[in-house]
Amino acid sequence: MDESPREADSIGRALFRLILASDRPVSRNEASDLLGLPKSTIAAHLERMTRAGALVTTTRKTTDRTGPGSGRPAVFYSAAVSEISTSIPPRRYELMGDILAGAIESGAEQLPGLSELLRSAARARGEELGEAAGSTEAALRDNGFEPVEREDGIALGNCPFHRLARAHTEVVCALNGALLEGVLDGANDSTARVRTAPAESPCCAWISRT
């Protein structure tokens, strides 16, 4: 495959989301048709994700024909897990994030101004992301928020910090809100505001345009 790392990552995420959302195993040909990509490209990504343990395979005939000339069984793919992060050699970024978030929770009351300092840092980082991406939607998409356009704004279909947010909700959601505010500033998106999302939403925030 002649793909840049960014293109390969985008294809891999789209393919995994497609398989994860399906109520039945998906074949290479089905994935190729649905994503509008060459079968060779899809096959290479399916093989890579299967080796990484993200997908499991089953085989079955797609016709009732038997005997010689009936064709080989087709391979179908299902998601093995709902979330996967693979690196070689192993990295433990989440462990360090958990340590830092826990330290922030413990030290916030003892160190006046710490929370505001962290929010400022998160907002500054968001500005960099928004400016680099060129638009709010692109910045959200590039950083794992899975934006979904709505009449009243943009819903966030994924929380990139899900596990940390579950363990350290107050700290992580506050920083996430500041990050998103920075994204809007960096993208010069003056029509949007960061709002708190309903409790059942995948992310703690959403982008309002009303």
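Reference entry: report on the structure contained in this document. (Residues numbered from 1 in each chain as written. Predicted model: local features only at pLDDT ≥ 70, side-chain atom pairs only at ≥ 80, totals over all residues. Heavy atoms only, no water.)

1. Some points on the nonpolar core
Leu140, Phe145, Ile154, Leu156, Leu180, Cys203 and Ile207 are the most contacted members of the largest nonpolar core, which has 17 residues in total. Counting only elements with at least two residues in this core, the list comes to α6 (136–142), β5 (153–156), α8 (169–186) and β7 (205–208). Take this core: its biggest share by element is 5 residues, from α8. When residues no more than four places from it in sequence are discounted, the contact partners of leucine 156 are Leu140, Phe145, Glu146, Leu180, Pro202, Cys203, Ala205 and Trp206. (Core = buried A, V, L, I, M, F, W, Y, C linked by side-chain atoms within 4.5 Å. Buried < 20%, exposed > 50% of the residue type's maximum accessible area, 1.4 Å probe, protein only. Helix = DSSP H or I, 4+ residues; strand = E, 2+ residues; numbered from the N terminus. Contact = heavy atoms within 4.5 Å.)

2. Re the packing of helix α1 (residues 5–21) against helix α3 (residues 39–51)
Their axes nearest at 10 Å, the elements α1 and α3 cross at an angle of 75 degrees. The orientation of α1 with respect to α3, classified from their angle, is roughly perpendicular. For the pair formed by α1 and α3, the contact residues are Ala8, Ile11, Gly12, Leu15, Phe16 and Ile19 on the first element and Thr41, Ile42, His45, Leu46 and Met49 on the second. Grouping the constituent residues of the contact of α1 with α3 by class yields 8 nonpolar, 3 polar and no charged. (Axes fitted to C-alpha atoms, helices over the stretch in contact; angles between N-to-C directions. Parallel < 35°, antiparallel > 145°, perpendicular 65-115°, else oblique. Nonpolar A, V, L, I, M, F, W, Y, C, P; charged D, E, K, R; others polar.)

3. Description of the state of the cysteines
Per the stated rule, a full pass over the model turns up 0 disulfides. Free of any disulfide, cysteine 173 has its nearest neighbouring cysteine sulfur in cysteine 204, separated by 3.3 Å. Left without a disulfide partner, cysteine 203 is nearest to the cysteine sulfur of cysteine 204, which lies 4.5 Å away. (Disulfide = S-S within 2.5 Å.)

4. Remarks on the side chain of histidine 168
Looking at the element boundaries, histidine 168 is found in the loop between α7 (162–167) and α8. One polar contact links histidine 168 to aspartate 98, side chain to side chain, over a distance of 2.6 Å. Not counting residues up to four positions away in its chain, the partners in contact with histidine 168 are Asp98, Ala101, Gly102 and Glu105. (Polar contact = N/O pair within 3.5 Å; in protein donor to acceptor, adjacent residues only side chain to side chain.)

5. What about α3?
Spanning 13 residues, α3 covers 18 Å between terminal C-alpha atoms, matching the ideal 18 Å at 1.5 Å per step. Considered for burial, the residues of α3 that qualify are Thr41, Ile42, His45, Leu46 and Met49. Looking straight down α3, one finds its buried side chains confined to an arc of 130 degrees; they lie on one side. What points out from α3, more than 90 degrees from its buried face, is the exposed set Ser40 and Arg51. Buried residues belonging to α3 abut α1, α2 (28–35), β2 (55–60) and β3 (74–79). Immediately beyond the C-terminal end of α3, within one or two residues, lies glycine 53, with a positive phi of roughly 90 degrees. (Expected span 1.5 Å × (residues − 1). Arc of directions from axis to C-beta.)

6. Structural notes on the sheet that holds strand β6 (residues 193–196)
Strand order across the open sheet formed by 4 strands is β4-β5-β7-β6, with antiparallel pairing between neighbours. Each edge of the open sheet carries a strand with a single partner, namely β4 (147–150) and β6. Geometrically, the sheet is characterised by an average inter-axis angle of 30 degrees between neighbouring strands, direction not taken into account. Pairing between β6 and β7: 4 bridges, direction antiparallel. For threonine 196, the partnering residue across the bridge sits in β7 and is alanine 205. Where α8 meets the sheet, it contacts β5, β6 and β7, and its direction lies at approximately 155 degrees from that of β6. (Pairing = 2+ DSSP bridges.)

Coordinates in, geometry out; function isn't part of it.
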